[in-house]
Amino acid sequence: MTQLGLPDDIRACLFDLDGVVTRTAVVHAAAWKATFDAFLRERDGADFRPFTDADYDQYVDGRPRADGVRSFLASRGVELPEGTPDDPPDAQTVNGVGNRKNALLLEKIRTDGVEPYEGTLHYIDAVRAAGLATAIVSSSANTRDVLRSIDAERLFDVRIDGVVARERGLPGKPRPDTFLAAARDLGVEASRAAVFEDALAGMDAGRSGHFGYVVGVDRVGQRDALYAHGADRVVKDLAELGGHA
Ligand SMILES: [Mg+2]
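Heads up: these notes are all about the structure in this document.

Conventions and cut-offs
- Residues numbered from 1 in each chain as written.
- Predicted model: local features only at pLDDT ≥ 70, side-chain atom pairs only at ≥ 80, totals over all residues.
- Heavy atoms only, no water.
- Buried < 20%, exposed > 50% of the residue type's maximum accessible area, 1.4 Å probe, protein only.
- Helix = DSSP H or I, 4+ residues; strand = E, 2+ residues; numbered from the N terminus.
- Contact = heavy atoms within 4.5 Å.
- Pairing = 2+ DSSP bridges.
- Axes fitted to C-alpha atoms, helices over the stretch in contact; angles between N-to-C directions.
- Donors = N, O, S within 2.8 Å, 3.2 Å for Na, K, Ca; no water.
- Phe/Tyr/Trp six-rings, centres within 6.5 Å; stacked < 30°, edge-to-face > 60°.

The next thing to look at is helix H9 (residues 200–208). Of all the positions in H9, only Leu-200, Ala-201, Gly-202, Met-203, Ala-205 and Gly-206 are classed as buried. Of the surrounding elements, those touching the buried residues of H9 are helix H2 (53–60), helix H8 (177–186), strand E4 (193–197), strand E5 (213–217) and helix H10 (223–228). Just past H9, the residue His-210 takes up positive phi, approximately 55°.

One open sheet accounts for 6 strands, arranged E3-E2-E1-E4-E5-E6; its pairing is parallel. Where the open sheet ends on each side, the last strands, each with one partner, are strand E3 (158–160) and strand E6 (233–235). Sheet twist, expressed as the average angle between the axes of neighbouring strands with direction ignored, equals 20°. Across 3 bridges, E5 lies against E6 in parallel orientation. Across the sheet, residue Gly-216 finds its bridge partner in E6, namely Val-234.

Those donors, Asp-16 (OD), Asp-18 (O) and Asp-198 (OD), are the protein atoms that reach the magnesium ion, and they lie 2.1 to 2.2 Å from it. Along the chain, the residues that donate to the magnesium ion are spaced as D-x1-D-x179-D. Residue Asp-18 is found in the loop between strand E1 (12–15) and helix H1 (25–44), and its partner Asp-198 is found in the loop between E4 and H9; the two are separated by 180 residues along the sequence. Neither Asp-18 nor Asp-198 differs from the other in exposure class; each is buried.

Before going further, it helps to spend a moment on the packing of aromatic side chains. Tallied over the full model, the rule gives 9 aromatic pairs. Relative to Phe-72, the ring of Phe-36 lies with its centre 4.4 Å away and its plane at 50°, an arrangement referred to as tilted. Of this pair, Phe-36 sits in helix H1 while Phe-72 sits in helix H3 (residues 65–75); the two residues are 36 residues apart in sequence, bridging distant segments of the chain. Neither Phe-36 nor Phe-72 differs from the other in exposure class; each is buried. A connected cluster of aromatic rings, assembled from ring pairs, spans Trp-32, Phe-36, Phe-51, Tyr-59 and Phe-72.

Next comes the structure, spelled out in structure tokens:
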């Protein structure tokens, strides 16, 4: 597999969506910031302390929506009732705040569309041409729509997303369960699967799941943190790994 930049015994590749396949990580970050800043402004008044990039990396990126709300608000000493996934976006609950963020995200995606990373699409083509299995593993409940919008659903043999995780009762990243489920569905041992992730929570999942190889995709200049959280290799784009025809 040297032409793919992977160890020889890797048989499957497990890809995160936002920030790895699509340029949507920044859209998520912006939607979270708008949601949390409005929440904090309402609670603390004009001298509220805004949601920062560091907050995004540490508490939110890569995690299921409700986990992101809970962990960030806990860092500010705020605890909300859970509510239910059907809560309206104005409900003062964990799910309500999460749904507010999702409404902003979907609006932005509808307006601006979704752009894939071409380097990733070419790499996945090369992975599949080499006979390796592929999965998309995302906390996002919008995975299917996003993949369809860029005609990329066909690139993945297995999909473990926010919807599937909820159906199966799988805890999200940083726990390794969603990646492990993808490897299992592909019939491949974790030790023979490679994880491709841009979030620190994804690195943690790759490490604790004992995957064969963990690739950190650094889109925002957090190379050292990705290594510290368990990356075997960090690249700025998957084109760096090879896979050119
Ligand atoms: Mg991501």
